[in-house]
Amino acid sequence: MMKSILCAIILVVAASIGFAQTKNGEGTSANSVEQQIINLERERLKAFAQADKAVFERLVADDLTITHGYGEVLTKAQEMSVMRPSTPERPLPALSVEDPKVRVYGDAAVMTGSLVETNRDGRRELVLRFTNTYVKQKEQWRMVAGQLTTLSRERAIAKVDPKIYDAYVGQYRNPRGRVLAVIREGDRLMIEVGGQKVEIFPESETQFFFKGDDVLLVFVKDEQGRVVRLINRRPNGDIVQETKIK
């Protein structure tokens, strides 16, 4: 009787150990895939930043589509066409992934996190929330779709001579008939619409932005150097042409 009880205890303990090992094995496998996807994402961003098209092409599917924070949808070919290496004359921000999370569904995986662009001076210039989908094709994980949403943008204020503001002062009308006024107040440039004034800040001599908003205003000159219109670039990708009327 004692031997039977002892054998039963041994079998139960052995089964428990085997079950725990199976669970741990599955967990290790899942974690391994999750880490693999995170590593691939970082490798893809590095390839994009270094304009390494061979590596980028290996890591994404042929039917890749990425919806950017401003609403434009780009294909694999279009993404690769804008890749360029960073140079001292045209430096690119550093790209990093924060708070990555991966959920695996068989041969598909969904990764979420934040994509951060950091300037050379260490300033976080742009923060985007992303959702990327990977699929396993011929034993190789590849990205098939991406969605980016702008969370915050910190633009650097350029040092410009306030005298250039005089050329921008005037009234501008959009296609719907709304008129906005550009006003100079000392060394500040203001936009007035409906009696409300908001200061705009220079990113360059022709490009201006609102603090806390992802709107970019671009003043356009003709061949004679006269300001003829204002391009209003919205966060959703819309571009509104404002014609100078006065």
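Notes on the structure follow. Computed from a predicted model, the values in this text were never measured in an experiment.

## A few points about unusual backbone geometry
Piece 1. Located in the positive-phi region is Ala51, a residue other than glycine, with phi close to 55°.
Piece 2. Following the sequence through the fold, Ala51 ends up in the loop between α1 (2–49) and α2 (53–59).
Piece 3. Look at Ala51 and you get partly exposed, because its relative accessible area is 23%.
Piece 4. A positive phi angle, near 65°, is found at Glu139, a position not held by glycine.
Piece 5. Within the secondary structure, Glu139 is located in the loop between β5 (124–137) and β6 (140–153).

## Quick notes on the environment of Ile191
Piece 1. Looking at the secondary structure, you find Ile191 in strand β9 (residues 188–193).
Piece 2. Here Ile191 falls in the buried class, since its relative accessible area comes to 6%.
Piece 3. Linking Ile191 and Gly170, residues 21 residues apart in sequence, is a C-alpha distance of 9.9 Å.
Piece 4. Non-local contacts of Ile191, meaning those with residues more than four positions away in its chain, are made with Leu180, Ala181, Val182, Gln196, Lys197, Val198, Ile200, Phe210 and Leu217.

## So, the side chain of Asn174
Piece 1. One can find Asn174 in the loop between β7 (170–173) and β8 (179–185).
Piece 2. Engagement of the side chain of Asn174 in a polar contact is seen with the backbone nitrogen of Arg178, the distance being 3.0 Å.
Piece 3. In this structure Asn174 touches Val240, Gln241 and Glu242, once residues within four positions along its chain are discounted.

## What about the nonpolar core?
Piece 1. Counting residues in hydrophobic clusters, the biggest one holds 26 residues, and the most contacted among them are Ile37, Phe56, Met111, Tyr134 and Trp141.
Piece 2. The set of elements that each furnish at least two residues to this core consists of α1, α2, β1 (60–67), β3 (94–105), β4 (108–118), β5 and β6.
Piece 3. Beyond its immediate stretch of four places on either side in the chain, Ile37 contacts Val102, Ala109, Met111, Tyr134 and Trp141.
Piece 4. In terms of nonpolar packing, the next biggest core, distinct from the first, is built from 15 residues, Leu180, Leu189, Phe210 and Val227 among them.

## Details of the environment of Val193
Piece 1. Tracing the sequence through the fold places Val193 in strand β9.
Piece 2. Placed 12 residues apart in sequence, Val193 and Ala181 show a C-alpha to C-alpha distance of 6.6 Å.
Piece 3. Excluding anything up to four places from it in sequence, Val193 contacts Arg178 and Leu180.

## Focus: the sheet that holds strand β13 (residues 227–233)
Piece 1. Read around the closed barrel, the 8 strands follow the order β7-β8-β9-β10-β11-β12-β13-β14; overall the barrel is antiparallel. Averaged over all neighbouring strand pairs, the angle between strand axes comes to 30°, with direction disregarded.

Rules and cut-offs
- Residue positions are given per chain, counting from 1 as you read along its sequence in written order.
- Two thresholds apply to this predicted model, a pLDDT of at least 70 for residue-level local features and 80 or more for giving and counting side-chain atom pairs, whereas whole-chain, interface and lining totals are computed over all residues.
- Excluding hydrogens and water, the side-chain values take into account all heavy atoms of the structure.
- A helix here means a DSSP run of H or I that spans at least four residues, while a strand means a run of E at least two residues long, and both kinds are numbered starting from the N terminus.
- For every residue, the accessible area obtained with a 1.4 Å probe (protein chains only) is divided by the maximum for its type, and the residue is called buried under 20%, exposed over 50%, and partly exposed between those limits.
- By definition, residues are in contact when any of their heavy atoms lie within 4.5 Å.
- By the criterion applied in these results, polar contacts are pairs of N or O atoms within 3.5 Å in which, for protein atoms, one can donate a hydrogen and the other can accept it, and in which residues neighboring in sequence qualify only through two side-chain atoms.
- Residues belong to one nonpolar core when they are buried, are Ala, Val, Leu, Ile, Met, Phe, Trp, Tyr or Cys, and are joined through side-chain atoms within 4.5 Å.
- At least two bridges found by DSSP between two strands is the condition for calling them paired.
- Fitted lines through C-alpha atoms give the axes, limited to the stretch in contact for helices. The angle between two N-to-C directions lies from 0 to 180 degrees.

None of this, on its own, says anything about what the molecule does.
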